[in-house]
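Now for the letters of each chain:
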Amino acid sequence: MVTGVRRAARLVGTALGLAALISMAALAAAQAPWTAPAGEKEKKNPLPADAQTIEQGRKVAQVNCVTCHGAKGKGDGAASVALNPKPADWTSKAVQDDTDGELFWKISTGRGAMPAWRHLPEKDRWALVGYIHSLAAK
Ligand code: HEC
């Protein structure tokens, strides 16, 4: 009787241990949050948030970004099917909550399947930031 209880207790312990292991593995596989260094976050967009900037950004995105991020920036471009994590939805709160400097740094640096766009002229990258932030209202 006593041994039966002990064995049951041991089994429960093993099951709990396994569950803990599995959830830890799941956590490790999940994407870590992507945050820009503090100094980068504070950078302000030198371009005015006007129609010209937005149009320039839209054009640069059309050429370089829509295959992954989609024509409307929803993260649903043709190549998104094959990607995990998925390209970010620019209209999402997570992206819209990023500061100008944060977006500029992420666009310039890239991560995983998201290429680094440092080779694009700085002005084009700031125009992209202006364009992405203009998607908030839609
Ligand atoms: C080859 C596919 C691909 C292309 C092309 C691409 N991206 Fe991405 N992008 C991604 C993926 C995948 C992520 C998610 C990366 C992650 O979370 O690790 C991402 C994430 C982002 C983010 C979100 C950062 C955040 O806050 O999480 C921004 C902004 C972004 N891309 C901008 C751009 C811009 C601007 C261009 C064009 C100049 C571009 N991307 C081109 C795949 C792409």
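Residues numbered from 1 in each chain as written. Predicted model: local features only at pLDDT ≥ 70, side-chain atom pairs only at ≥ 80, totals over all residues.

**Concerning the overall build of the chain**
Per the secondary structure count, the chain includes seven helices and zero strands. What you see in the chain, going N to C, is helices and strands ordered as α-α-α-α-α-α-α. Residue pairs at least 24 apart in sequence account for 59% of intrachain contacts in the chain once pairs closer than 6 positions are excluded. (Helix = DSSP H or I, 4+ residues; strand = E, 2+ residues; numbered from the N terminus. Contact = placed C-beta atoms within 7 Å.)

**Focus: the site of the ligand**
If you check the shell around the ligand, you find 26 residues, and the closest are Cys65, Cys68, Pro87, Ala88 and Met114. Breaking the shell around the ligand down by element, the ones donating at least two residues are helix H3 (51-64), helix H4 (66-69), helix H6 (100-109) and helix H7 (122-134). Grouping the amino acids of the shell around the ligand by side-chain chemistry returns 18 nonpolar, five polar and three charged. (Near = placed C-beta within 6 Å. Nonpolar A, V, L, I, M, F, W, Y, C, P; charged D, E, K, R; others polar.)

**Examining the environment of Asp50**
Looking at where Asp50 falls in the secondary structure, it is placed in the loop between helix H2 (38-41) and H3. C-beta crowding within 10 Å serves as the criterion here: with 10 such atoms nearby, Asp50 is assigned to the exposed category. (Buried ≥ 20, exposed ≤ 12 C-beta atoms within 10 Å, placed from the backbone.)

**A look at the packing of H3 against H7**
Direction vectors running N to C along H3 and H7 enclose 105°, while the axes themselves pass 7 Å from each other. Classed by the angle they form, the pair H3 and H7 counts as roughly perpendicular. Here Thr53, Ile54, Gln56, Gly57, Arg58, Val60 and Ala61 of H3 come into contact with H7, specifically with Asp124, Ala127, Leu128, Gly130, Tyr131 and Ser134. For the contact of H3 with H7, a count of residues per class yields six nonpolar, five polar and two charged. (Axes fitted to C-alpha atoms, helices over the stretch in contact; angles between N-to-C directions. Parallel < 35°, antiparallel > 145°, perpendicular 65-115°, else oblique.)

**Some details on the confidence of the model for the chain**
One rule of thumb: low pLDDT means the predicted coordinates there are not for detailed reading. Per-chain confidence: the chain averages 88 in pLDDT, with 78% of residues scoring 70 or above. Considering only residues more than four positions removed or in separate chains, one finds that residues 21-29, a stretch of pLDDT under 50, has zero contacts. (pLDDT = per-residue confidence, 0-100.)

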